Amino acid sequence: MKYLLAISLTTVALLATAQPHYHTQAKACVTSDGIALRWAPTDMQSWQAGLSSGYIVERFTIMKNGEILSAEDIAAQKIRTEPIKAKPVEAWEPFSDEKYVAIAAECM
C-alpha cells in the first residue's frame, strides 16, 4: 500500500538521453525519510547512452491534499540541474576490494 501511495503521489521520469528509443526501467521504495530510486537500462544501447550522457531525474506531483491535480497543474521539477553520471573507473579504485563495486566497474 505504501508503495502504491508513493507511485500515486509522485511519478519519477528517468531519461537516459533525449532520444526516445532508449529505455530504462525504474523502481521506487518509500520510506519515512523519502523515496529511494533504482533504475537500469534495458539493453546495451541504453546502457552506453546512460554512461555517456547520464540520467536526468524529474519529479511530477500528481496528487496534492488528497486530490488529483489537473493536467495544467502538473509540472515537472528537476531533482538536479546536471545529469547524474557514473564516476570514471579510476575513481572506483579505492573501493575495488568490494565485490559489487568491482562488478559494476567491470561492466563499465
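Worth saying up front: this structure is predicted, and the values here are computed from it rather than measured.

(A) Region of the structure containing the environment of Met63. Examined against the element boundaries, Met63 turns out to sit in strand S5 (residues 63–64). Taking the C-alpha atoms as reference points, Met63 and Asp73, 10 residues apart in sequence, are found 9.9 Å from one another.

(B) Quick look at helix H2 (residues 44–53). Of all the positions in H2, only Ser46, Ala49 and Gly50 are classed as buried. All buried residues of H2 fall inside an arc of 100° around its axis, so they share one side. Two or three places before Gln45, at the start of H2, stands the capping residue Asp43, its side-chain oxygen 3.3 Å from that residue's backbone nitrogen. One or two positions beyond H2, positive phi appears at Gly54, with a value near 85°.

(C) Representation of the pairing of strand S3 (residues 35–41) in the model. In this structure, strand S2 (residues 24–30) lies alongside S3, joined through 7 bridges in antiparallel fashion. Residue pairing across strands places Ala26 opposite Trp39, the latter belonging to S3. Linking S2 to S3, which pair antiparallel, is a turn of 4 residues; within it Gly34 sits at a positive phi near 160°.

(D) Up close: unusual backbone geometry. Its identity is not glycine, yet Asn65 carries a phi of approximately 55°, on the positive side. For Asn65, the location among the structural elements is in the loop between S5 and strand S6 (67–68).

(E) Fine view of the environment of Ala26. Within the secondary structure, Ala26 sits in strand S2. Distance from Ala26 to Ala40, taken between C-alpha atoms, is 6.6 Å for residues 14 residues apart in sequence.

Cut-offs applied
- Note that residues are indexed from 1 along each chain, following the sequence as it is written.
- Local features are withheld for residues below a pLDDT of 70 in this predicted model, meaning they are given only at 70 or higher, and side-chain atom pairs are given and counted only at 80 or more; totals for whole chains, interfaces and linings count all residues.
- As a convention, hydrogens and water are excluded, and side-chain values are obtained from all of the structure's heavy atoms.
- Here a helix means four or more residues in a row that DSSP labels H or I, a strand means two or more in a row labelled E, and each is numbered from the N terminus.
- Exposure is judged per residue with a 1.4 Å probe applied to protein chains only, and the accessible area is read against the type maximum: over 50% gives exposed, under 20% gives buried, and values in between give partly exposed.
- The arc under discussion is defined with respect to the helix axis, by the directions toward the C-beta atoms.
- What qualifies as a polar contact is a pair of N or O atoms within 3.5 Å, subject to a donor-acceptor requirement within protein and to the restriction that residues adjacent in sequence count only when both atoms come from side chains.
- One requirement defines pairing of two strands: DSSP has to find at least two bridges between them.

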